[in-house]
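Read off the chains here:
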Number of protein chains: 2
Amino acid sequence: MSNGAVETLSEVFDPVAALAPEPVPPVAGGGEANGAHSEETISKGGKREIVLGRNVHTTCLAVTEPEANDEFTGDKEAYIASVLARYRKTLMERTKYHLGYPYNLDFDYGALGQLQHFSINNLGDPFIESNYGVHSRQFEVGVLDWFARLWELEKNEYWGYITNCGTEGNLHGILVGREVFPDGILYASRDSHYSVFKAARMYRMDCIKVATLISGEIDCTDFKAKLLDNKDKPAIINVNIGTTVKGAVDDLDLVIKTLEECGFTQDRFYIHCDGALFGLMMPFVKRAPKVSFKKPIGSVSVSGHKFVGCPMPCGVQITRMEHINALSRNVEYLASRDATIMGSRNGHAPIFLWYTLNRKGYKGFQKEVQKCLRNAHYLKDRLRDAGISAMLNELSSTVVFERPLDEEFVRRWQLACKGNIAHVVVMPNVSIEKLDMFLDELTEKRSTWYQEGGEAQPPCVAADIGSENCVCALHK
Amino acid sequence: MSNGAVETLSEVFDPVAALAPEPVPPVAGGGEANGAHSEETISKGGKREIVLGRNVHTTCLAVTEPEANDEFTGDKEAYIASVLARYRKTLMERTKYHLGYPYNLDFDYGALGQLQHFSINNLGDPFIESNYGVHSRQFEVGVLDWFARLWELEKNEYWGYITNCGTEGNLHGILVGREVFPDGILYASRDSHYSVFKAARMYRMDCIKVATLISGEIDCTDFKAKLLDNKDKPAIINVNIGTTVKGAVDDLDLVIKTLEECGFTQDRFYIHCDGALFGLMMPFVKRAPKVSFKKPIGSVSVSGHKFVGCPMPCGVQITRMEHINALSRNVEYLASRDATIMGSRNGHAPIFLWYTLNRKGYKGFQKEVQKCLRNAHYLKDRLRDAGISAMLNELSSTVVFERPLDEEFVRRWQLACKGNIAHVVVMPNVSIEKLDMFLDELTEKRSTWYQEGGEAQPPCVAADIGSENCVCALHK
């Protein structure tokens, strides 16, 4: 059983990986020119230094006080314009070389530029207007309806809202679970997003980590054993619809079956589905198991800036109306019940989502999902053809492979790494051309990292992705 | 002692106030035309109906599936463009008639429009770069430095981040307090923002509500009594730098003195300052008591969309470096410690703040604060001259007055109400002209509400704002 090995790896923290030098954005307005106090990192042999518990100012664009004659000279405006122009160039460059995070960077919201002049705030509950009139609830509710339909919950049976990010969705789902079962135990596989464990700590809940299979899916044998050890307490379960690192989809039906087998009736468990990325992709994958409120689940969350694409992080949270009253309170000041985690809420995000959903529709998403899966297979196949260990879960567009030796390469392509593995998340903006560019560069560099007769050897990643996917010296 | 009366009022929930009809934004794309299912509220005698625990679709712009020939006909694009154009018009109208919420709606971020094409995400800690390159940490750290300087904490002694809103700041500050004192009791005045009590519930903390004076400030006599009742447990205190309803500033020095008098040494209390609005204004008010880390406080939060003005909600959270390690964990996936509440964070907000701070500087803010205070005095004086009960706390730009009888008027001017009182928050975008328009309309309407010889009488608000500020039939 290789879970022991997986366990060890996931605990490893590699400070060098976090700190290898990257092509940092230009730091405009240095200390001298502007009387400011921006600080550069001290470099030691090309490595940035990390000091935990300190606020290392690696890059800082200091705010400086305007000079008395700025309005006359225009110096300040010129300075700001130059900073922004350089920053924009960096953003274009960094957007171009990006493969590691599940963000769709391909969007055009030009039509929405006209709204940036307004302070749009959907404070409180999306379904109850507050007195503040500059809101976008009409867009928000349209988006929520769309997602409720996607996950098969009737319009008058759901409650939800547009969150600031996937983490807020998890915080909300788990909080609802806890309010429904105040003495419930939180179960989550060890490959769950770290926000799940953060929630447990914030909410002072007992939390049990469940083992995972090599694929990254929850190990229901271990889950069963842990449930049986704690039969006296209700269960709150975080089910991953696409884990962060391996893109693994927990088997929701098996989780439910396991609960039933252990004697947990539906009034003694609450399931939150963390669908950060795949919650929106799965419904469009043929023969994929369904995330559906027709099954006994309590809530689903998904990120909006991931598959849809959005300038700022956001997410969608849908839960059952019957659960939400446990959370809500009347707050007259806002003229709004508040069952959200936050109070003031970004009113632009719902409009971005509404715009894209309207333009693409179910059919558009389906096409994009198919393209992503196709391109992910292409990437995996080419990696394997080049003799590089790689894995691609069914239903997933996350290709996991041997971690590149050179951290500069990792930073350049903005790969997310964990232990010996790295991943590329194939999103709609990741074309075959981009993958080819990446693959060519990787294979070229790799030939210098692992020269014939040299000491360096590609790492064994059998413990991470299974020996059938590993082509290290031992397993090939 | 009138606190009893205040207590009763603050518990009142007036569903009618929350639901009076307002000039709702136009609902484009009705059910018939688009095969969609948008719902209008059922009106009964002009009042909207509220059903708690239901998702009443008062306004909804349904998302519709594109037709096969949309690309050819351009119908969908035309539909979206028309919705946006109408929405923009509503936003302009609603922005024009707005007085009740502390949002500075006067900003011009045209220069930043070019950045809307990028998915900017400052995931995790602002001071530790993650592998994701499309971020704005350099701007964020510049803004944080500015605020740390404002509140007198050395650059190498603070930690902080830019939050999604004031609530996130409170959630963070109180969580830090709880991690420092796991068995601490949370004390907060009853006029504290509701997010403080939400935090207590989320975090499973004991929470004691402290009475307030008529001004809205914390009543330190009551605070003392409650501290003495609980001497065995450390104290976590939420201090309001400007309460939501009355704009009252708790006396920080007296709070600290009270703690000392009750035998609480500095290693047994944690103070979080909720500076939502005034945290940024107070430093610029002459002779105002200082919010400063030279005093034994643990954290300060302030909203960014309030006094500064920003298209979307955001905030700034500053705490002491020594406290933050209690919260932080290594998370290799992000190559980032994460001591924030959220994971993914909006990277645009720091740029908006950076832009405004740079352009206005301390001097610019000082000028604006002075203008707000001047205009607030003007409003209060004119209300009193017109025979309307009104109160204005020293150091505040929040004018509290008799709640207008007509809810349509309340909605039109987007006033925040509580019981018998309403308020106007005088922000930089609230000019004398706007106030005059408001005052003229109010006095004109009021003469029809309270006709001589009629039955209706202006409400007595002595219990809310003191008999010296009340000019009802009894007190004038």
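All values derive from a computational prediction rather than experimental measurement.

What counts as what
- Residues numbered from 1 in each chain as written.
- Chains lettered and ligands numbered in written order.
- Predicted model: local features only at pLDDT ≥ 70, side-chain atom pairs only at ≥ 80, totals over all residues.
- Heavy atoms only, no water.
- Pairing = 2+ DSSP bridges.
- Helix = DSSP H or I, 4+ residues; strand = E, 2+ residues; numbered from the N terminus.
- Axes fitted to C-alpha atoms, helices over the stretch in contact; angles between N-to-C directions.
- Contact = heavy atoms within 4.5 Å.
- Salt bridge = Lys/Arg side-chain N within 4 Å of Asp/Glu carboxyl O.
- Buried < 20%, exposed > 50% of the residue type's maximum accessible area, 1.4 Å probe, protein only.
- Domains from an automatic or database assignment.
- Buried area = accessible area lost by both parts, 1.4 Å probe.
- Polar contact = N/O pair within 3.5 Å; in protein donor to acceptor, adjacent residues only side chain to side chain.
- Nonpolar A, V, L, I, M, F, W, Y, C, P; charged D, E, K, R; others polar.
- Least-squares fit on C-alpha atoms with pLDDT ≥ 70 in both.
- pLDDT = per-residue confidence, 0-100.

Caption draft 1: Expanded view of the sheet that holds strand β12 (residues 390–392) of chain A. Residues and elements named next belong to chain A. Strands sit in the order β12-β13-β15-β14 across an open sheet of 4 strands; the sheet is antiparallel. At either end of the open sheet lies a strand with only one pairing partner, and these are β12 and β14 (416–418). Along the sheet, successive strands turn relative to each other by an average axial angle of 25 degrees, direction set aside. Taken together, the 3 bridges between β14 and strand β15 (residues 421–425) define a ladder with antiparallel strand orientation. Following the sheet pairing, Ala416 is matched in β15 by His423. In the packing of helix α13 (residues 348–385) onto the sheet, contacts are made with β12, β13 (398–402) and β15, and the angle to β12 comes to roughly 160 degrees.

Caption draft 2: A look at the pattern of salt bridges. Residues and elements named next belong to chain B. Summed over all chains, the structure comprises 36 salt bridges over all chains. Of the charged contacts, one joins Glu152 and Lys294 as a salt bridge, the two residues approaching to 3.8 Å between their closest N and O atoms. In this pair, Glu152 sits in the loop between α6 (137–150) and β3 (158–163) while Lys294 sits in the loop between β7 (269–274) and β8 (299–303), placing the two residues 142 residues apart along the sequence. Among the residues examined, Glu152 registers a relative accessible area of 25% and is labelled partly exposed.

Caption draft 3: Representation of the domain arrangement of chain A. Residues and elements named next belong to chain A. Here chain A is partitioned into domain 1 (114–359) and domain 2 (361–449 + 458–469). One C-alpha centre belongs to domain 1, the other to domain 2; they are set 28 Å apart. Facing the 28 residues of domain 1 at the interface are 27 residues of domain 2. Across the interface of domain 1 and domain 2, roughly 2200 Å² is buried in total on both sides, 69% from carbon and sulfur atoms. Linking domain 1 with domain 2 are 0 salt bridges, by the criterion used here. Along the contact surface separating domain 1 from domain 2 lie 7 residue pairs in polar contact (both at pLDDT 80 or more). Within the residue set of the side of domain 1 that touches domain 2, elements represented by two or more residues are α6 (137–150), α11 (305–309) and α13. Counting residues per element, the side of domain 1 that touches domain 2 draws most heavily on α13, which supplies 4 residues. Taken together, the residues of the side of domain 1 that touches domain 2 sort by class into 18 nonpolar, 5 polar and 5 charged.

Caption draft 4: Geometry of the interface of chain A and chain B. At the junction of the two partners, chain A supplies 144 residues and chain B supplies 145 residues. Of the roughly 13200 Å² buried at the junction of chain A and chain B (both faces included), carbon and sulfur atoms supply 56%. Summed over the shared surface of chain A and chain B, the result is 4 salt bridges. The salt bridge involving A:Glu77 is made with B:Arg359; its shortest N-O contact spans 2.9 Å. Our count for the chain A to chain B interface comes out at 45 residue pairs in polar contact (both at pLDDT 80 or more). A class-by-class count of the residues in the side of chain A that touches chain B yields 73 nonpolar, 39 polar and 32 charged.

Caption draft 5: Representation of the relation of the copies chain A and chain B in the model. Superposing chain A onto chain B requires a rotation of 180 degrees together with a translation of 0.0 Å along the rotation axis, leaving an RMSD of 0.0 Å. Given the turn and translation reported, the copies of this chain are related as if by a two-fold rotation axis. Distance from the rotation axis, computed per C-alpha, reaches its smallest value in chain A at A:Tyr203: 2.4 Å.

Caption draft 6: Inspection of the environment of A:Val471 at higher detail. By the element assignment, A:Val471 lies in the segment after α16 (462–465). Setting aside residues up to four positions removed in sequence, A:Val471 forms contacts with A:Gly387, A:Ile388, A:Ser389 and A:Lys476.

Caption draft 7: Expanded view of the confidence of the model for chain A. Residue and element names in this part refer to chain A. Averaged over all residues, the pLDDT of chain A equals 86, while 86% of them reach at least 70. Under a pLDDT of 50 for its full length, residues 1–53 has, in the predicted model, 104 contacts with residues more than four places off or in other chains. The complex model carries a pTM of 0.88, and its ipTM stands at 0.87.

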